[in-house]
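Each chain, written out:
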Amino acid sequence: MYKYKKIILMVLLLILTFSFNTAAQNNFFQNEDEHNNLRFGNEYIVIVVNQNQNSQGRFAVETTGGAPARENDDNKSLIYGRPNPWTSYTSLWINGEKYVFGGSTERRAGDGAKYGEVIQEPTVKDNQIITRTRFGNIVVEQILSIVKSSTTGLADSAQIQYRIINQGDQEEKVGLRVMLDTMLGENDGAPFRLGEDTISTDKLYYSKQLDDFWQAFDSVSNPQVTSQGSFIGPDVSTPDRVYFSDWGSLADGVWDFDFNPGQEFIRKGEYEIDSAMAMYWVPEIIKPGESKTYITKYGLGGITIVPGILSLGVTSPAEVTLDANNQSFPVVAYLENTSEINARNVSIRIELPDNFSAEQISRNIGDMAPEDISQITWNVRANNRNKLPEEMTYRVKVEADNTDSNEVERKVEFLGPPELNANITLLEEVESVEGKLEPNPFRIQAKINNSGESSLYGVEAELILPPGLVTASSEKSKKRLGILRKEESININWAIEALRVDGTLPFALKVSGLNNYQKTIVEEINLPQLKPLILLKETMGQQDKDYYAVDIIAANIAEAENISFELNYNSDKLLLTHISRGDFFVGDNNLLPFNRPDRSKIGKVIFNQEFPFNKANGVIATVHFILKEDSPGSINISNLKAVNGSGNTFQIEIRNNLEEEN
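Residues numbered from 1 in each chain as written. Predicted model: local features only at pLDDT ≥ 70, side-chain atom pairs only at ≥ 80, totals over all residues. Heavy atoms only, no water.

### What about the overall build of the protein chain?
Next, step 1: For the protein chain, the count of helices and strands is 2 helices and 49 strands.
Next, step 2: Taking 662 residues into account, the globule formula puts the C-alpha radius of gyration at 26 Å, and the protein chain, at 36 Å, lies well above it.
Next, step 3: Each principal axis of the C-alpha atoms in the protein chain carries an extent, and together these give about 120 × 60 × 40 Å.
Next, step 4: Across the 662 residues in the protein chain, those meeting the buried criterion constitute 51%.
Next, step 5: Residue pairs at least 24 apart in sequence account for 68% of intrachain contacts in the protein chain once pairs closer than 6 positions are excluded.
Next, step 6: Of the side chains in the protein chain, 63 bear a positive and 92 a negative charge, and the two mean positions are spaced by 3 Å. (Helix = DSSP H or I, 4+ residues; strand = E, 2+ residues; numbered from the N terminus. Rg over C-alpha atoms; globule rule 2.2 N^0.38 Å. Buried < 20%, exposed > 50% of the residue type's maximum accessible area, 1.4 Å probe, protein only. Contact = heavy atoms within 4.5 Å. Lys, Arg positive; Asp, Glu negative; His and termini not counted. Charge placed at Lys NZ, Arg CZ, Asp CG, Glu CD.)

This is the structure we're talking about:
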């Protein structure tokens, strides 16, 4: 009989376990329903976004097929939104003013608030629903997508992402609030379960008080729907504050609201239980041209359940990366007395394999009345992170004096951290042409590869350039990449301009991600040497065909204080008319001193010129002629002498490219 019961329990365990370590297939669909909602989903959940003018951009989350092992959680609400999403909304704190994201509404949630301008209606792009709203110089992007749950390992969670961009030329101070009107199918008031807390009244948590995730369900032994939100993890931004409260109070307050610790979740002004939550990220300075990204996650939760008199459910992340920033992972056990008697002297313990430990592995719960639910949390650590197995199985056991014991097992897979590398190359050959780099600006490409075992979220790449190299006009040094999954690579291009520099130049690529991930990759770029140069360039007359002019062009002569030379021409073929100063001697709306060249000798113009400080490139002068014959003949420079600020001579290459070929 005992063996028979054990077999039944094993079968039930297999049926009721909905924590899977295999990734879900990305069989996404999108459509519009009869209420003008944009729907994007897969076999587990669907994100529903309101496209109407009233409450445009607000969203809901529902199950489609739900958890694979459950037949009674199909087509259930996780965030209320029927027939159109409107009860959940996002608020912005911008320089002391409070606004609501998306389209305005005349309904209770956000009625009378300040709104911005929707500049991009809900649009599906790259498996994301993107909506954009402008608030003056601030543009906010709402990016909704479907990602893996930390506890199920399946793509059954909605990633809720906001990117706040400062498009102005001054600093802006911006904060964010995301309010969710949570549901469990038809249950609008199920308690939130966070760590060892069961939350059914108004309660505030600060960031250091938060656990990795919270869950909600109506029963341990037979939950209809299990929802889960994430606060801490590699793919989310930990909020500064989290409020659990009634929906009415949160709906009425765009930022601040009527918060009463210990008060039940009775909808303000009404008599029904209606729970909701709000996550706050405190206002931060965003510099001109920069952005700030916030990410949270909400969807289905995974609990491995063994029913019994003492029904036992256990949850933990399906995949874990242990490193310096994340040294433990949570195990949460839910215990329900399903009998009609008091369970006496209930105790629970966790059994861990070698190399793993937790504080208080055994706990004494005491007596449990019928229908009582208790929850226990352990933070499990590896004693030696260098000896982690690919996976491990832990066991949780519960016992009581007057009931059968129960136990459940659950696996955890260990992944190494993300490891980013970059290969940076020039996309075009840069050459020295007439003393200048061409092309300039030029393009470089960074191929960033994640060779690690886990994904990196919130990835940004910033190009750090040395003096003399700058990003081209309208180019941004910092670029947002989003998610870089394991074994994935991405190419990013920058346009760079060189300012009077050449040779081998160092620069750095700084890659950052959520949870303080940073890596700096130092590379070098080789640019052709730019030597001091003076050359001649002819200009033919367009209207007067007898007109002929020669520009005397200098490049890379910033060190020059004085340059003297002779311009020689064939007086039988050219008649010198006048000489005009070049742009070397034109400042900001004023003319700089220009020594008039000596033209007393036929066939020769003598220049002896002082040069402006720290000016490197430009036209020294334009010499104007009238053609006496069809060909201008030879024109060249000779007897050149250049002196720098220290009184020392230095070499300048002469390029006499107007000499007549014999």
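Anyway, onward from the coordinates.
### Some remarks on the sheet that holds strand β48 (residues 635-644)
Within a beta sheet, neighbouring strands are joined by backbone hydrogen bonds and run either parallel or antiparallel to one another.
Next, step 1: Pairing is antiparallel in the open sheet, where 3 strands are placed in the order β46-β44-β48. The sheet is open, and its two edges are formed by β46 (604-610) and β48, each paired on a single side. Averaged over neighbouring strand pairs, the angle between their axes works out to 10° when direction is ignored.
Next, step 2: Two strands pair when backbone bridges link them, and strand β44 (residues 560-569) and β46 are joined in this way by 7 bridges, in the antiparallel orientation. By the bridge assignment for β46, F565 is matched with F607. (Pairing = 2+ DSSP bridges. Axes fitted to C-alpha atoms, helices over the stretch in contact; angles between N-to-C directions.)

### Details of the side chain of S454
Next, step 1: Mapped onto the elements, S454 comes out in the loop between β35 (442-450) and β36 (456-464).
Next, step 2: From its side chain, S454 meets the backbone oxygen of G416 in a polar contact 2.7 Å long.
Next, step 3: Residues contacting S454, with those up to four places away along its chain left out, are T321, L415, G416, P417, P418 and K486. (Polar contact = N/O pair within 3.5 Å; in protein donor to acceptor, adjacent residues only side chain to side chain.)

### Regarding the pattern of salt bridges
Next, step 1: Counting across every chain of the model gives 28 salt bridges.
Next, step 2: Across the pair K397 and E351 runs a salt bridge, and its minimum N-O distance is 3.5 Å. Of this pair, K397 sits in strand β30 (residues 391-399) while E351 sits in strand β26 (residues 343-351), placing them 46 residues apart in sequence.
Next, step 3: Since its relative accessible area comes to 21%, K397 is described here as partly exposed.
Next, step 4: On the basis of relative accessible area, E351 is assigned to the partly exposed category, the value being 24%.
Next, step 5: We note a salt bridge from K411 to E391, for which the minimum N-O separation is 3.6 Å. One end of the pair, K411, is in strand β31 (residues 406-414); the other, E391, is in strand β30, and 20 residues separate them in sequence.
Next, step 6: The exposure class of E391 is partly exposed, given its relative accessible area of 39%.
Next, step 7: Connected through shared salt-bridge partners, R349, E351, R395, K397, E399, E407 and E409 make up one network. (Salt bridge = Lys/Arg side-chain N within 4 Å of Asp/Glu carboxyl O.)

### Let's talk about a negative patch on the surface
Next, step 1: Taken together, the side chains of E429, E431, E434 and E438 present a region of like negative charge at the surface.
Next, step 2: With respect to the helices, strands and loops of the structure, E429 is situated in the loop between β32 (420-426) and β33 (431-433). (Patch = residues over 30% accessible without salt bridge, like charges linked within 9 Å, V, L, I, M, F, W, Y side chains within 5 Å. Areas by Shrake-Rupley, 256 points an atom, 1.4 Å probe, with all protein chains shown as cover.)

### Notes on the pairing of strand β17 (residues 213-216)
Next, step 1: Along β17, one buried face is formed by F213 and Q215 and the opposite face, lined by W214 and A216, is buried too.
Next, step 2: Relative to β17, strand β14 (residues 192-194) runs antiparallel, the two being bridged by 2 bridges. Residue pairing across strands places R193 opposite Q215, the latter belonging to β17.
Next, step 3: Here 4 bridges tie β17 to strand β18 (residues 227-230), and the two strands are oriented antiparallel to one another. Each bridged residue has a counterpart across the sheet, and for F213 the counterpart in β18 is S230.

### A look at the domain arrangement of the protein chain
Next, step 1: Entries for the protein chain in the domain assignment read domain 1 (29-300), domain 2 (305-414), domain 3 (420-527) and domain 4 (533-655).
Next, step 2: Put simply, the middle of domain 1 and the middle of domain 3, counted by C-alpha atoms, are 35 Å apart.
Next, step 3: Counting residues at the interface gives 14 residues for domain 1, matched by 8 residues for domain 3.
Next, step 4: Where domain 1 abuts domain 3, roughly 880 Å² becomes buried across the two surfaces, and 47% of that area is made up of carbon and sulfur atoms.
Next, step 5: Per-residue buried area on domain 1 facing domain 3 is highest for R163, P234 and D235; these three make up 33% of the total on that side.
Next, step 6: At the surface where domain 1 touches domain 3, the tally comes to 0 salt bridges. (Domains from an automatic or database assignment. Buried area = accessible area lost by both parts, 1.4 Å probe.)

### Topic: unusual backbone geometry
Next, step 1: Note the cis peptide between R82 and P83, where omega equals -5°.
Next, step 2: The topology assignment puts P83 in the loop between β5 (77-79) and β6 (89-94).
Next, step 3: Along the chain, E438 connects to P439 via a cis peptide bond; the corresponding omega equals -5°.
Next, step 4: As for its position among the elements, P439 is in the loop between β34 (436-438) and β35.
Next, step 5: With a phi angle near 50°, N639 is a residue other than glycine that sits in the positive phi range.
Next, step 6: For N639, the position within the fold is in strand β48.
Next, step 7: On the basis of relative accessibility, which here comes to 58%, the residue N639 falls in the exposed class.

### Some words on the confidence of the model for the protein chain
Next, step 1: Put simply, the protein chain has an average pLDDT of 91, and 95% of its residues get 70 or more.
Next, step 2: In the model, residues 1-25 has pLDDT below 50 throughout and makes 49 contacts with residues more than four positions away in sequence or in other chains. (pLDDT = per-residue confidence, 0-100.)

### Comments concerning the environment of T403
Next, step 1: As for its position among the elements, T403 is in the loop between β30 and β31.
Next, step 2: Between the C-alpha atoms of T403 and N491, which are 88 residues apart in sequence, the distance is 61 Å.
Next, step 3: Beyond its immediate sequence surroundings of up to four residues, T403 is in contact with I309, L310 and A343.

### What about the environment of N440?
Next, step 1: Mapped onto the fold, N440 is located in the loop between β34 and β35.
Next, step 2: For the pair N440 and E497, spaced 57 residues apart in sequence, the C-alpha to C-alpha distance is 5.6 Å.
Next, step 3: Within polar-contact distance, the side chain of N440 engages the backbone nitrogen of A498 at 2.9 Å.

### A look at the side chain of R363
Next, step 1: One can find R363 in strand β28 (residues 362-368).
Next, step 2: Here R363 falls in the buried class, since its relative accessible area comes to 17%.
Next, step 3: There is a polar contact of 2.8 Å between the side chain of R363 and the side chain of E196.

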